[in-house]
Amino acid sequence: IDVNSLSPLQPDDPRLLTGNNRSFLFDGGFGASVLAENWSLGLSVLNLAPGTFRFSEEPAAEFSSYRKLFLTGNYFLGFGRNFGIQPYFTLRNSKLKWVNYDASLKVDLQYFHVGAGYRSENSLFLFLNVPFEGFMFSYTSENPLNANHMMGNGHTFSVGWTIDQ
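In short, a report on the structure. (Residues numbered from 1 in each chain as written. Predicted model: local features only at pLDDT ≥ 70, side-chain atom pairs only at ≥ 80, totals over all residues. Heavy atoms only, no water.)

## Describing the overall build of the protein chain
In terms of helices and strands, the protein chain carries one helix and twelve strands. Along its sequence from the N terminus, the protein chain presents helices and strands in the succession α-β-β-β-β-β-β-β-β-β-β-β-β. The buried share among the 165 residues of the protein chain stands at 19%. The contacts of the protein chain with a sequence gap of at least 6 include a subset with a gap of at least 24, amounting to 22%. For the protein chain, the computed accessible surface area is about 12200 Å², with 63% contributed by carbon and sulfur atoms. (Helix = DSSP H or I, 4+ residues; strand = E, 2+ residues; numbered from the N terminus. Buried < 20%, exposed > 50% of the residue type's maximum accessible area, 1.4 Å probe, protein only. Contact = heavy atoms within 4.5 Å. Areas by Shrake-Rupley, 256 points an atom, 1.4 Å probe, with all protein chains shown as cover.)

Here it is in structure tokens:
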């Protein structure tokens, strides 16, 4: 779908109402973490049931799915009761390359966490985490450093839940 050709003035745009444009694909994932006092190590797998999804019969419309693997580690440096710094490192695969990496630094403040990082695909990301009663509300802004700025940035909102032991 050429998103530049869509118009909010046409809520019944036929390009959105045909084929699989209003469909979704079920998938699953799994993750586990080892948590110590000052460090953590995690492994996660997404797209356990990868499938092929096509928006239309056009060859460029295929949205291919692949199994994603993540190995993540971090170390916490605490400075007082309400301040800490956490360097993170993640190894992951992508469609184009078997091993990519993310490196980031998170600053933990009393009521929220902020951070910035770099992805090996040459992009910078900024994030904000707000913990609240067992939940973590997050926002991430992805900013490509060498891409056409007209393509825009990526924005992700997410919610996580921690199950206490």
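## Digging into the pattern of salt bridges
Tallying each qualifying case throughout the model produces five salt bridges. Between Glu121 and Arg92 there is a salt bridge, with its nearest N and O atoms 2.8 Å apart. With a gap of 29 residues between them, Glu121 in the loop between strand E9 (113-119) and strand E10 (123-132) and Arg92 in strand E7 (residues 84-92) connect regions that are remote in the sequence. Residue Glu121 is classed as partly exposed on the basis of its relative accessible area, which comes to 38%. When its relative accessible area of 11% is taken as the criterion, Arg92 is described as buried. A salt bridge links Asp108 to Lys106, with the shortest nitrogen-to-oxygen separation between them at 3.7 Å. Residues joined by salt bridges that share partners form a network here, namely Arg92, Asp102, Arg119, Glu121 and Glu142. (Salt bridge = Lys/Arg side-chain N within 4 Å of Asp/Glu carboxyl O.)

## Some points on the environment of Thr90
On the secondary structure map, Thr90 appears in strand E7. Here the alpha-carbon distance between Thr90 and Gly73, two residues 17 residues apart in the chain, equals 6.5 Å. Contacts of Thr90, omitting those with residues within four sequence positions, involve Phe70, Leu71, Thr72, Asn100, Tyr101 and Asp102.

## Regarding the packing of aromatic side chains
Counting across every chain of the model gives seven aromatic pairs. A centroid spacing of 5.9 Å and a plane angle of 10 degrees characterise the contact between Phe89 and Tyr101, whose relative ring orientation is stacked. Of this pair, Phe89 sits in strand E7 while Tyr101 sits in strand E8 (residues 100-108), and the two are twelve residues apart along the sequence. Of the residues examined, Phe89 reaches a relative accessible area of 41% and is grouped as partly exposed. By relative accessible area, which is 34% here, Tyr101 ends up partly exposed. Here the aromatic cluster, defined as three or more aromatic residues joined through ring pairs, consists of Phe89, Tyr101 and Tyr118. Stacked on the ring of Phe125, the Lys or Arg Arg119 has its end atom at 4.1 Å from the ring centre. (Phe/Tyr/Trp six-rings, centres within 6.5 Å; stacked < 30°, edge-to-face > 60°. Lys NZ or Arg CZ within 6 Å of the ring centre and 35° of its normal.)

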